Amino acid sequence: MELSYRNGGSIDEEKNEKSDEVDLAHPWNAHVPPKIKHFGWRVLQRAIPVRHNLKKRRMCDEDICLMCGDAAETIEHTLIFCEAAKACWNLSPLRLQFQADNLHSFSSWCTNMGGILKEKLWWNIFWCILWGIWLKRYAWCFEKKEVQVEEVIRRAVSIVGEYEKNEAIGLGGIVRDNVGDVLLSTCHKLMGCYDVDIAEAMAARHFLGVAFEAGLNKLTHESDNLKLIQHLNSRKSDNSYFGLIVNDILHLAGACQFIAYSHIGRKGNSAAHTLARISKNYVEMRVWLEEAPTDVNTAIAFDLAVA
Ligand SMILES: [Zn+2]
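As the structure is a prediction and not an experimental result, all values here were calculated from the model. (Residues numbered from 1 in each chain as written. Predicted model: local features only at pLDDT ≥ 70, side-chain atom pairs only at ≥ 80, totals over all residues.)

**Some thoughts on the overall build of the chain**
Working step 1: The number of helices and strands found in the chain is 12 helices and 6 strands.
Working step 2: Structurally, the chain occupies a C-alpha span of about 80 × 35 × 30 Å along its principal axes.
Working step 3: Across the 307 residues of the chain, 38% fall into the buried class.
Working step 4: Partitioning the intrachain contacts of the chain with sequence separation of at least 6 by distance along the chain shows that 74% fall at a separation of at least 24. (Helix = DSSP H or I, 4+ residues; strand = E, 2+ residues; numbered from the N terminus. Buried ≥ 20, exposed ≤ 12 C-beta atoms within 10 Å, placed from the backbone. Contact = placed C-beta atoms within 7 Å.)

Structure follows, in structure tokens:
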């Protein structure tokens, strides 16, 4: 008897875009509070009230930086080159160091950073540090208060952490026999925020473990995530977080009597995605043997029809 095992990751349809197609360097794509995204966007539009801009609009006479007194308070000076800003970037987990001579504008700096900051999490920290530098300047100029560099960094990291904590992804998986009868279905909610590829890989790793525990060890693993299936089939893994999970799956799969990986269209995987979606109704992981929850039955029939 051949068993077919399907999994679905992220519950959020709008997150279902390939991570390499997303412009990580754009604040709208960061996972940070809306006010920080909006601030990042305003900086890119050059629409923040630094003194150099105010002087150009004749709203102040002097544009010297009030933090250091050394240079005109342009966007680039305030947020990148002023000693206070530089220290925040250098000492942050991003450890950014840079020279003034190869930088033309904040947006070109962001574009350059795209080659250095390759993970979404780093960009979340990036925008929060940027926001922190702006607040530090505000406190100094308008409240005569000095916010320490360590405080800017600590706050930025904690905003990112808090924001991630409130997010959850749902994982769903289903095991069928060769005539389509359900042998096992399961769902699990994970706190945190993950890219769709990582969510799919985590779902696969999780449910492979569940299938083993139920004594199923001849499996065809089907997923609508092409990247995951390609990596599993070519046994390709790298040092990224995704690569490490792929490694775990390959390791687990070593205990299978038989395992094959196959790519199916998203249309044929709606039961697993429905399970992923309903995971938020449960506090803990749920496993159903020989059946699936009622809400999923329609999706199961649909998957069989398109298969
Ligand atoms: Zn300055």
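Read on, since the account is not over.
**Comments concerning the domain arrangement of the chain**
Working step 1: Partitioning the chain into structural domains gives domain 1 (3-18 + 167-306) and domain 2 (32-165).
Working step 2: One C-alpha centre belongs to domain 1, the other to domain 2; they are set 41 Å apart. (Domains from an automatic or database assignment.)

**Points about the nonpolar core**
Working step 1: Ranked by size, the top nonpolar core spans 36 residues in total, and within it A201, M202, I249 and A271 carry the most contacts.
Working step 2: Among the secondary structure elements, those contributing two or more residues to this core are β2 (168-176), β3 (182-191), α8 (196-213), α9 (226-233), α10 (241-253), β5 (258-263), α11 (270-278) and α12 (294-306).
Working step 3: A25, F39, A85 and I129 belong to the second-largest nonpolar core, a separate cluster that totals 34 residues. (Core = buried A, V, L, I, M, F, W, Y, C linked by C-beta atoms within 7 Å.)

**Details of helix α7 (residues 149-165)**
Working step 1: Its 17 residues place the ends of α7 25 Å apart at the C-alpha level, agreeing with the 24 Å of an ideal helix rising 1.5 Å per residue.
Working step 2: Listed as buried for α7 are V149, V152, I153, A156, I159 and V160. Seen from one end, α7 has its buried residues packed into an arc of 125 degrees, which puts them on one side. Summarising the geometry of α7, the exposed residues directed more than 90 degrees from the buried face are E150, R154, S158, G161, E162 and K165.
Working step 3: Lining the buried residues of α7 we find α4 (83-91) and α6 (120-143). (Expected span 1.5 Å × (residues − 1). Arc of directions from axis to C-beta.)

**Things to note about the environment of W89**
Working step 1: Position of W89 among the secondary structure elements: in helix α4.
Working step 2: C-alpha of W89 to C-alpha of F207: the two residues are 118 residues apart in sequence and 41 Å apart in space.
Working step 3: Filtering out sequence-adjacent residues up to four positions away, W89 remains in contact with L94, L96 and I129.

**Quick word on unusual backbone geometry**
Working step 1: You will see that R46, though not glycine, has its phi angle at about 60 degrees, which is positive.
Working step 2: Its place among the elements puts R46 in the loop between α1 (34-44) and α2 (51-56).
Working step 3: Of note, the phi angle at R95 is positive, near 50 degrees, even though the residue is not glycine.
Working step 4: Among the residues examined, R95 registers 9 C-beta atoms within 10 Å and is labelled exposed.

**A word on the pairing of β3**
Working step 1: With 9 bridges joining them, β2 and β3 adopt antiparallel strand pairing. Note on β3: the bridge partner recorded for R176 is V182.
Working step 2: What sits between the antiparallel neighbours β2 and β3 is a turn of 5 residues, in which G180 has the positive phi angle 100 degrees.
Working step 3: One ladder, built from 4 bridges, connects β3 with strand β6 (residues 286-289); its direction is antiparallel. (Pairing = 2+ DSSP bridges.)

**Focus: the confidence of the model for the chain**
Working step 1: With 92% of its residues at a pLDDT of at least 70, the chain reaches an overall mean of 85.
Working step 2: In the model, residues 10-20 has pLDDT below 50 throughout and makes 16 contacts with residues more than four positions away in sequence or in other chains. (pLDDT = per-residue confidence, 0-100.)

**Notes on α12**
Working step 1: Those residues of α12 lying buried are V296, A299, I300 and D303. Buried residues of α12 fall within an arc of 110 degrees about the axis and therefore sit on the same side. Exposed side of α12, more than 90 degrees from the buried face: T294, T298, A301 and A305 are the residues found there.
Working step 2: As for α12, its buried residues are in contact with β3 and α11.

**Brief notes about the packing of α6 against α7**
Each pair of packed helices can be described by the angle between their axes along with the distance between the axes.
Working step 1: Remark: α6 packs on α7, axes separated minimally by 8 Å, with the N-to-C direction vectors making an angle of 135 degrees. The angle between the axes of α6 and α7 places the two elements in the oblique class. The crossing of α6 and α7 is right-handed. Of the residues in α7, those touching α6 at N124, I125, C128, I129, G132, I133 and K136 are V152, I153, R155, A156, V157, I159 and V160.
Working step 2: Here the residues of the contact of α6 with α7 are counted per class, giving 10 nonpolar, 2 polar and 2 charged. (Axes fitted to C-alpha atoms, helices over the stretch in contact; angles between N-to-C directions. Parallel < 35°, antiparallel > 145°, perpendicular 65-115°, else oblique. Left-handed = near helix turned anticlockwise from the far one by under 90°. Nonpolar A, V, L, I, M, F, W, Y, C, P; charged D, E, K, R; others polar.)

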